[in-house]
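The lines below spell out each chain.
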Amino acid sequence: MDSITFTVTPRGSDQTITIDLAALLTQLQTVPDQRKRRGVRYPLAVLLTIAVLAKLCGDSQVHALADWAHARAAELAAVFGLSRPRMPHPTTWTRVLGNAVAAAAIEAALQPLLATSASVELPERASRQIALDGKTLRGTIPAAARSGVHLVTAYQVDTGVACLQVAVPNKANELVVAPTMLAALDLQGVLISGDAMFAQRNLSAQIVEAGGDYCWIVKENQPTLYDDLRLLFGPQPDDLPGTSALPEDFVSVRTVDLGHGRLDERVLTSSSMLAEYQGWPYLAQAFQVVRLSQRPHRCSREVRYGITSAPASCLRATELLARVRGHWQIENGLHYRRDVSLKEDASLARKGQAPHVLATLNNYICGISAQAGVTNLAALQRAMAAAVDRWLFSR
C-alpha cells in the first residue's frame, strides 16, 4: 500500500493532525489473526484499519462503522486491494472483533504509533505522571445484572496517551489487576496517582521499589491512616503551659478558577510530619485539599486527604496540587471523550472481546488527538470525515 496521509485542521482550532494510513495498516498487520484460514474473505489488518477510519469519521459503534464501510465498499476495496468490492455484514464485524483478535495484541501494535522519542537520560524523580482508573462499559451490562466489562487504564497525564489497559475478571475488582499492570510499566521517574481504592500498602511498596512514586487519595477504606490524616490537619489544641510549641512544617498553596458558571477555590496543605510515625511504606508527605465551589444560589465545601512517597524536595506543594488535579485528566481527556464523542457507553457489542477491542481503538483515537493538541474530538471527526470522503471519491 502506497503512503497515504490525511492532514486536517478542525474548525475553530489552529492545531493540525496527520494520520498515516499506510503506517497504521503496517502496524495492524502484526496483530495475530485467530480465525481459521478457511472462509476468511477480509484480511484482519484491513478490517481494523477501516474500523479506525470509520471511528475517526464519527461512526463509532459496530453497526455504524459497518454502514460507513458499506457505503464506501468499492472505493475501500480499491484502496486496500480487495478482490471483492464488498464490505462485511454487521454480524461479521461483531464476530471478527469479538473472536478473531485479542485486545492486548492491538494495543501492542498501536503503541509505537503513539510513542514519543525516548530520552537516553534517566528521568527526574516524579517528573512524569501516570493515572490509574477503572471504567465499566455501560452498554455491556446485561438486563438484571450489576456489572459488565470493566477496564482499568494506565493513562499518561503529560501526553494524553493510554499506555496500558487491562480487563478486570468477573467477580473481582481493580486491585486484582493493578499489580500486574504496574509490573508491566517502566516506573523510573513516574508518579502513579489513583483514587482511594489503590491506597494499599503492597501497591505503594511495589511502585517505589520499581523506581517510581505514588500519590493516593485516602478515605475510610484505610481507617487508621484516614484518622491520622484528619488528626494531623484538624484543629490544633492550644499550647499547654510548660510545653513547647507543636512542631509544624505545614505548607499551603491556593488556586482560584472561574469558569462554567462557578468559582472554584482549592487550598492544598502538605506536611511531612506523618512520615515520622505512621508506618505506611515509603510515606514522605501527607496532604489535605479543601475545595470551595460557588455557583448561583449554591455553595459547597469538600475536604480530601492524600499521601505520596515523593518528598517535598522534588514535589513541592504547588506541584503536588497540580498532580492531584492532573489525575482527573483521565476522566476529562479519555473517559469523557470515549463516552460522548465515541459513544462507547451506548455500544451494545458484547460478543467475546469486542467491547475491549473497541475501547482499545477508542484509546488510540483519543491518544493521537491529544498528542496533536486537538481538544475538540467531535470537530476533528467532522473534519476527518470530509477529508476521507474527498480522497475516496476522487480516486
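Going by the structure above, here's the rest.
Overview of the structure. All values reported here derive from a predicted model rather than from experimental measurement.

All right, on to the pairing of strand 11 (residues 298-308) then. The sheet contact formed by strand 7 (residues 213-218) and strand 11 spans 4 bridges and is antiparallel. Residue pairing for strand 11: Trp 216 is matched across the bridge by Ile 307. Examined bridge by bridge, strand 10 (residues 285-295) and strand 11 share 11 bridges and lie antiparallel to one another. The residue of strand 11 that forms the bridge with Gln 288 is Tyr 305. Between the antiparallel neighbours strand 10 and strand 11 lie 2 residues, among them His 297 with a positive phi of about 65 degrees.

Once that is clear, we can look at helix 2 (residues 44-56). With 13 residues, helix 2 should cover 18 Å at 1.5 Å per step; its first-to-last C-alpha distance of 18 Å lies within 8% of that length. Within helix 2, 13 of the 13 residues are buried, leaving the element largely enclosed by the surrounding structure. Remark: Gly 58 follows helix 2 within two positions and exhibits a positive phi of approximately 100 degrees.

A few words now on helix 8 (residues 201-209). Of all the residues in helix 8, the buried ones are Leu 203, Ser 204, Ala 205, Ile 207 and Val 208. Buried-residue contacts for helix 8 involve helix 7 (174-184), strand 6 (190-194) and strand 7. Positive phi shows up at Gly 211, right after helix 8, with a value of about 100 degrees.

What follows concerns the packing of helix 1 (residues 21-28) against helix 6 (residues 103-114). Running from amino to carboxyl end, helix 1 crosses helix 6 at an angle of 145 degrees, the nearest separation of the two axes being 9 Å. Crossing of helix 1 over helix 6 shows right-handed handedness. Taken together, the residues of helix 6 that come into contact with helix 1 (itself represented by Ala 23, Leu 24, Gln 27 and Leu 28) are Ile 106, Ala 109, Leu 110, Pro 112 and Leu 113. Here the residues of the contact of helix 1 with helix 6 sort into 8 nonpolar, 1 polar and no charged.

Looking now at the packing of helix 2 against helix 13 (residues 377-393). Relative to each other, helix 2 and helix 13 sit at 120 degrees, their axes nearing to 8 Å. In terms of orientation, helix 2 lies oblique with respect to helix 13. Note on element contacts: helix 13 touches helix 2 through Leu 380, Gln 381, Met 384 and Val 388, opposite Leu 53, Lys 55 and Leu 56.

Core analysis: the biggest nonpolar cluster contains 73 residues, and Phe 6, Ile 50, Trp 68, Phe 80, Trp 93, Ile 106 and Met 384 have the highest contact counts within it. Ranked by residues supplied to this core, first place goes to helix 2 with 11 residues. Non-local contacts of Trp 68, meaning those with residues more than four positions away in its chain, are made with Ile 50, Leu 53, Ala 54, Cys 57, Asp 59, Leu 76 and Val 388. One finds Ile 130, Val 177, Ile 192 and Leu 203 within the second-largest nonpolar core, a separate group that totals 35 residues.

Turning our attention to the packing of aromatic side chains. For the coordinates displayed, the defined rule picks out 6 aromatic pairs. For the pair Phe 6 and Trp 391, a centre-to-centre distance of 5.1 Å together with 80 degrees between the ring planes defines the contact as edge-to-face. With a gap of 385 residues between them, Phe 6 in strand 1 (residues 5-8) and Trp 391 in helix 13 connect regions that are remote in the sequence. The residues Phe 6 and Trp 391 share a single accessibility class, namely buried. Here the aromatic rings of Phe 233 and Tyr 305 are separated by 6.4 Å at their centres, their planes lie at 25 degrees, and the arrangement is stacked.

The next point concerns the environment of Leu 65. Relative to the helices and strands, Leu 65 is located in helix 3 (residues 62-71). Between the C-alpha atoms of Leu 65 and Trp 93, which are 28 residues apart in sequence, the distance is 9.0 Å. If we ignore the near neighbours within four places in the chain, the residues touching Leu 65 are Ala 51, Ala 54, Asp 59, Ser 60 and Trp 93.

Right, let's get into the pairing of strand 7. Counting buried residues along strand 7, 6 of its 6 residues qualify, which places the element largely inside the surrounding structure. Burial along strand 7 is two-sided: the residues Asp 213, Cys 215 and Ile 217 and Tyr 214, Trp 216 and Val 218 are all buried. Pairing analysis gives 4 bridges linking strand 6 to strand 7, with the strands arranged parallel. Bridge pairing in strand 7 places Ser 193 opposite Cys 215. Where the polypeptide runs from strand 6 across helix 8 and back to strand 7, its parallel neighbour, the crossover connection is right-handed.

Tallying each qualifying case throughout the model produces 14 salt bridges. Across the salt bridge formed by Asp 339 and Lys 135, the nearest N and O atoms sit 2.8 Å from each other. In this pair, Asp 339 sits in helix 11 (residues 329-340) while Lys 135 sits in strand 3 (residues 128-136), placing the two residues 204 residues apart along the sequence. Linking Asp 158 and Arg 323 is a salt bridge whose minimum nitrogen-to-oxygen distance equals 3.6 Å. Here Arg 323 lies in helix 10 (residues 317-326) and Asp 158 lies in the loop between strand 4 (150-156) and strand 5 (161-167), a separation of 165 residues in the sequence. Connected through shared salt-bridge partners, Lys 135, Arg 338, Asp 339, Glu 344 and Asp 345 make up one network.

Here we come to the state of the cysteines. According to the stated counting rule, one finds 0 disulfides in the structure shown. Cysteine Cys 57 remains unbridged, with the sulfur of Cys 366 as its closest cysteine sulfur at 15 Å.

Now for a nonpolar patch on the surface. On the surface, a cluster of nonpolar side chains totalling about 290 Å² of accessible area is made up of Val 256, Leu 258 and Leu 263. Turning to its location among the elements, Leu 258 is positioned in strand 8 (residues 251-259).

In spatial order, the strands read 5-4-3-6-7-11-10-9-8; together these 9 strands make up an open sheet with mixed pairing. Every interior strand has two partners, whereas the edge strands, strand 5 and strand 8, have only one. On average, adjacent strands in this sheet sit at an angle of 20 degrees to one another, irrespective of strand direction. As judged from the 9 bridges shared by strand 9 (residues 262-271) and strand 10, these two strands associate in the antiparallel manner. Note that in strand 10 the partner of Leu 263 across the bridge is Gln 294. Docked against the sheet, helix 8 engages strand 6 and strand 7, running at close to 155 degrees with respect to strand 7. Along the sheet, helix 12 (residues 354-371) makes contact with strand 4 and strand 5, crossing strand 5 at roughly 165 degrees.

Procedures and definitions
- Residues numbered from 1 in each chain as written.
- Predicted model: local features only at pLDDT ≥ 70, side-chain atom pairs only at ≥ 80, totals over all residues.
- Heavy atoms only, no water.
- Pairing = 2+ DSSP bridges.
- Helix = DSSP H or I, 4+ residues; strand = E, 2+ residues; numbered from the N terminus.
- Expected span 1.5 Å × (residues − 1).
- Buried < 20%, exposed > 50% of the residue type's maximum accessible area, 1.4 Å probe, protein only.
- Contact = heavy atoms within 4.5 Å.
- Axes fitted to C-alpha atoms, helices over the stretch in contact; angles between N-to-C directions.
- Left-handed = near helix turned anticlockwise from the far one by under 90°.
- Nonpolar A, V, L, I, M, F, W, Y, C, P; charged D, E, K, R; others polar.
- Parallel < 35°, antiparallel > 145°, perpendicular 65-115°, else oblique.
- Core = buried A, V, L, I, M, F, W, Y, C linked by side-chain atoms within 4.5 Å.
- Phe/Tyr/Trp six-rings, centres within 6.5 Å; stacked < 30°, edge-to-face > 60°.
- Right-handed = clockwise from strand over helix to strand, strands pointing away.
- Salt bridge = Lys/Arg side-chain N within 4 Å of Asp/Glu carboxyl O.
- Disulfide = S-S within 2.5 Å.
- Patch = residues over 30% accessible without salt bridge, like charges linked within 9 Å, V, L, I, M, F, W, Y side chains within 5 Å.
- Areas by Shrake-Rupley, 256 points an atom, 1.4 Å probe, with all protein chains shown as cover.

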